[in-house]
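# Tertiary structure, described
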Amino acid sequence: MTATSPRSPSLFDRGSWPEARRIGDILRKETIGGILLLAGTVIALIWANSPWAGSYEALREFTVGPASLHLNLSLGTWAADGLLAIFFFVAGLELKREFVAGDLRDPRRAAVPIAAAIGGVLVPAVLYLAINVTADGGAAKGWAIPTATDIAFALAVLAVIGRFLPHAMRTFLLTLAVVDDLLAIAIIAVFYTSDLSVPPLLAALVPLAVFAVLVQRRIRSWWLLLPLAFAAWTLMHASGVHATVAGVLLGFAVPVLRSRKAGGPEAGPGLAEHFEHRFRPISAGVAVPVFAFMSAGVAVGGVDGLASALTDPVAIGIMVGLIVGKPIGITAATWLVTRFTRAKMDTGFAWIDVFGLAVLAGIGFTVSLLIGELAFGIGSDRDDHVKVAVLTGSLGAALLAAVVLRLRNRTYRRIHDVENTDADRDDIPDVYQQPTVPRPENR
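We now turn to the structure provided with this report. (Residues numbered from 1 in each chain as written. Predicted model: local features only at pLDDT ≥ 70, side-chain atom pairs only at ≥ 80, totals over all residues. Heavy atoms only, no water.)

A few words now on the packing of helix α14 (residues 366-376) against helix α15 (residues 381-406). Packing of α14 against α15 leaves a shortest axis separation of 9 Å and a crossing angle of 160 degrees. By the angle between their directions, the pair α14 and α15 is classed as roughly antiparallel. For the element pair α14 and α15, the recorded crossing hand is right-handed. When α14 is examined against α15, the residues S368, L369, G372, E373 and F376 are found in contact with a partner set consisting of R382, D383, V386, K387 and V390. Its residues assigned to classes, the contact of α14 with α15 shows four nonpolar, two polar and four charged. (Axes fitted to C-alpha atoms, helices over the stretch in contact; angles between N-to-C directions. Helix = DSSP H or I, 4+ residues; strand = E, 2+ residues; numbered from the N terminus. Parallel < 35°, antiparallel > 145°, perpendicular 65-115°, else oblique. Left-handed = near helix turned anticlockwise from the far one by under 90°. Contact = heavy atoms within 4.5 Å. Nonpolar A, V, L, I, M, F, W, Y, C, P; charged D, E, K, R; others polar.)

Now for a nonpolar patch on the surface. Together, L196, V198, L202 and L205 line one region of the surface with nonpolar side chains, adding up to about 380 Å² of accessible area. Its place among the elements puts L205 in helix α7 (residues 198-216). (Patch = residues over 30% accessible without salt bridge, like charges linked within 9 Å, V, L, I, M, F, W, Y side chains within 5 Å. Areas by Shrake-Rupley, 256 points an atom, 1.4 Å probe, with all protein chains shown as cover. Salt bridge = Lys/Arg side-chain N within 4 Å of Asp/Glu carboxyl O.)

A word on the side chain of D81. As for its placement among the helices and strands, D81 is situated in helix α3 (residues 75-100). Reaching out from D81, the side chain makes a polar contact with the side chain of H242 at a distance of 3.0 Å. Excluding residues that lie within four positions of it along the chain, D81 makes contacts with W233, H237, H242, A243 and T244. (Polar contact = N/O pair within 3.5 Å; in protein donor to acceptor, adjacent residues only side chain to side chain.)

Now for the pattern of salt bridges. A full pass over the atoms with the stated rule returns nine salt bridges. The partner of E94 in a salt bridge is R280, with the nearest N and O atoms 3.6 Å apart. Remark: R280 occurs in helix α10 (residues 271-296) and E94 occurs in helix α3; sequence separation between them is 186 residues. Measuring nitrogen to oxygen at the nearest pair gives 3.5 Å for the salt bridge that ties R97 to E273. Of this pair, R97 sits in helix α3 while E273 sits in helix α10; the two residues are 176 residues apart in sequence, bridging distant segments of the chain. Here the residues in one salt-bridge network are E94, E276 and R280, joined through shared partners.

Take a look at the structure:
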């Protein structure tokens, strides 16, 4: 393959060293979070299928909170509505940073991951609906379940199978997942809002606006911001819009770049990056693993119960969407962008690399489980089938991705070595200090 023109958008362009270093730090935190997420999931599954399963259900259904504010919620609901608001707050910060100061600010570079994310949402949804359009029990309501990619889960898998995966591929996966999160947020807000109450929704704008004014003035005092964030979350919850949307809106309000008075962008990271450093460990290390623990525990019921769950059209639609729909949607959308624009495959990579990442993006967990609960209700039979299908489909995607990506491990190792060579020992890899450095050719 020929080297890409500097002016042409490129698949798997490694970008600048500061951006690569920042993304590397994010991925390390998310990888640790993914391992904790897996641990929480395994513990929940073992407990829910043990002789002490009743205590797990009692814990999940234990109610706590002020009834006067209509917040006397079960621990399972607190995990889904409360802890995941932290997850979506961090997602909002990352989304805004990507569009303001990251790769997505350049329309040419943003076109490929945005198209890939859209394809990875549309095709699984279409396949799910094709399977469930005539199914009974409102099965079609779960059309969005297989559309989400769980970046923490995917990175935990990469930590095992893809230690030498090039920076550019990891960046592409993260950027795709960021856009995927934005689409998931929009889907939840538009399609899974029931019994909308306008007065509390309008009232939520007041603490949101005050929060926005304070952070735009670079005020970071927790005793001011936290009560406002909680008030916005509470009112959003009361409005019928899923409360996690408040987390996203709060994240969008935080400025990314330093003000001119503070020295401008050259003076260092802005408030969004400061908050991200503070809250990402809480999100990845506490919020998501606890949600997984509270949501993933499903009593399988032995071989017969597993067979019953996996033959439900809902479960079939989810598994087909994750294992088949995601790879087809992402790969096809990426190909279409390269076919009708000037985007080219960067030297050293091939379409099998796109397909491998597309398969890995079929690992859907956190948001998939959340949408399943919103679509069918927590604790319902269909919700249990959703959990079994999401776990099975994600496991299948992980195993298939392991096979595909391992086939290219020798090439990835060569690229990895080039990207990490620092001959002058200035803590900046040499490849980021040269205008154009060809990667190793495909072999």
